[in-house]
Structure formats: C-alpha cells, structure tokens
Amino acid sequence: MNKTVKNPAIGHHITFLQTGAETGGELLQIEYGVLQPETEPAIPLHIHLECSERFEVVQGQLGVILDGERRLLGVGEQVHIPPGTPHTFWNAGNGELRFITDVRPPGQLQTYWETVFGLAEDGKVGRNGLPNLLQLAVVAPLADSYFPGVPVWLTKGFTAVLGAIGRLVGYKASYPKYSG
C-alpha cells in the first residue's frame, strides 16, 4: 500500500509510488496533488544541485516556471528539470491537479517531505506550509534545495548555523512518527 502525506496548510498531498529504498537508490516516484487552483506557486523558486525531476500531468493543469520561462502543461504532457535549474510549480487549472514526479537520484527527499508534511498534519507549520525557521534549517539539507541567486555556500553556512541552534533546542531532521 502506498503512503500518502498531506500538507493541509497549502492543500498539497504526496503519495509515494516508488521509494529510493525500493529502487536501490535510483528513483523516488510520487504522485503530487494540489487540491485547489492557485494564482501563484506555494513552493518557492528553487534548484536542486544533485537530482533531476520529471513532472507528468495526470489530472488538471500544471503551471511551471522553469529557468525563468512560464509554461502550462495539460494531461499527458511532461517536463524534465535538470539539476541546477531554477523551477517551481502551481495548480493553474480550475480543479484538482495531480502529477507524477520522478526524482533521480532521490537522495533524502522522501524524508524531507515526510517530515515537513507530517509537521503540517500536526499543525506545526505556518500558512506557507513550512515549519519555523529553526526546524526548517534542521530538515532543509535533506531536500538538496537552494534559492537561485543566493550563493550555495552562503545558504549552506546560514543553514548550518541555524540548524545547529535548532538541534540544540530539540528539533530533528526526521521523526519516527512521520518517517517510521
């Protein structure tokens, strides 16, 4: 049975179809769902240094910003996002959006999503769907995710300092309750 996690703060949900553990570390495949139409992305523009992603729409209309270009994708259409490419997405349609995402290699992205969405299900995130800054600094390195335009070394340094403080006050990168 596939595991589903939800982030009620932003109306997103993820069903894990194939995990890194099941594919020998080659692939994480999820179905990402967004319940309500969005006028702007809930997920900030970001890059992944190590992994590539492939989005394929199975229901609704997916809006994507990929390397500065806005695109709209319908059912059956897909887009490939190479490592280092700035991107984000949103539900650009009138109903629910569902799309398959392949992440290669998956790294620890599953644990990141389980933690952040688990915290969201427990009401421990803000309206933006993210935990407080110290908890986020502890879990963020699992996502291999950085903001374009900000030097990676600066982001890593800032995250390391805040993450150390977060760990001192008891925050963890994962919790058995969410990633059991």
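Look up: the structure comes first, before these words.
I will try to describe carefully the structure that is included in this document. (Residues numbered from 1 in each chain as written. Predicted model: local features only at pLDDT ≥ 70, side-chain atom pairs only at ≥ 80, totals over all residues. Heavy atoms only, no water.)

## What to know about the nonpolar core
The condition that has to hold: Joining through side-chain atoms within 4.5 Å is the link that ties buried Ala, Val, Leu, Ile, Met, Phe, Trp, Tyr and Cys residues into a set, and such a set is a nonpolar core. Burial here depends on accessible area, computed with a 1.4 Å probe over protein chains only, as a share of the maximum for the residue type. Under 20% is buried, over 50% is exposed, and the range in between is partly exposed. A run of H or I in DSSP counts as a helix once it spans at least four residues, and a run of E counts as a strand once it spans at least two, with each numbered from the N terminus. Contacts between residues were defined by any pair of non-hydrogen atoms, one from each residue, lying within 4.5 Å.
Ranked by size, the top nonpolar core spans 29 residues in total, and within it Ile 14, Tyr 32, Phe 55, Leu 62, Tyr 112 and Trp 113 carry the most contacts. For this core, the secondary structure elements donating two or more residues are strand 2 (12-18), strand 3 (28-34), strand 5 (52-59), strand 6 (62-66), strand 8 (78-81), strand 10 (97-104), helix 1 (109-121) and helix 2 (133-139). Ranked by residues supplied to this core, first place goes to helix 1 with 5 residues. When residues no more than four places from it in sequence are discounted, the contact partners of Phe 55 are Leu 62, Val 64, Glu 77, Gln 78, Val 79, Ile 81, His 87, Phe 89, Phe 99, Ile 100 and Thr 101. The next biggest cluster of nonpolar side chains, apart from the first, holds 5 residues, and it includes Ala 120, Val 125, Tyr 175 and Tyr 178.

## Focus: the sheet that holds strand 2
For the record, the criterion: Should DSSP find at least two bridges between two strands, the strands are taken to pair. Orientation is described by lines fitted to C-alpha atoms, with helices fitted over the stretch in contact, and by angles between N-to-C directions that extend from 0 to 180 degrees.
Taken together, 6 strands build an open sheet; the order of strands is 1-2-3-10-5-8 and the sheet is antiparallel. A strand with exactly one partner marks an edge of an open sheet, and here the two such strands are strand 1 (4-7) and strand 8. Ignoring which end each strand starts from, the neighbouring axes of this sheet average 20° apart. Bridge analysis of strand 2 against strand 3 gives 6 bridges, and the strand direction is antiparallel. Paired with Ile 14 across the two strands is Tyr 32, which belongs to strand 3. Each of strand 1, strand 2, strand 3 and strand 10 is contacted by helix 1, which is oriented at about 55° to strand 1, the strand it contacts most.

## So, the pairing of strand 6
Counting buried positions along strand 6 yields 5 of 5 residues, so the element is predominantly enclosed. The alternating pattern of strand 6 places Leu 62, Val 64 and Leu 66 on one face and Gly 63 and Ile 65 on the opposite face, and all of these are buried. As defined by bridge partners, strand 6 adjoins strand 7 (residues 69-73) across 5 bridges and the pair is classed as antiparallel. Considered in strand 7, the bridge of Ile 65 is made with Arg 70. Linkage of strand 6 to strand 7, two consecutive antiparallel strands, is achieved through a turn of 2 residues, within which Asp 67 is found at a positive phi near 55°.

## Regarding the side chain of Arg 54
The following threshold applies: By the criterion applied in these results, polar contacts are pairs of N or O atoms within 3.5 Å in which, for protein atoms, one can donate a hydrogen and the other can accept it, and in which residues neighboring in sequence qualify only through two side-chain atoms.
Relative to the helices and strands, Arg 54 is located in strand 5. A polar side-chain atom of Arg 54 sits 2.8 Å from a polar atom in the side chain of Glu 56. Within the structure, the side chain of Arg 54 is placed 2.8 Å from the side chain of Asp 102, a separation counted as a polar contact. Beyond its immediate chain neighbours, meaning those up to four positions away, Arg 54 contacts Gln 29, Gln 78, Val 79, His 80, Ile 100, Thr 101 and Asp 102.

It is worth stressing that arrangement in space is one thing and function is another; only the former is reported here.
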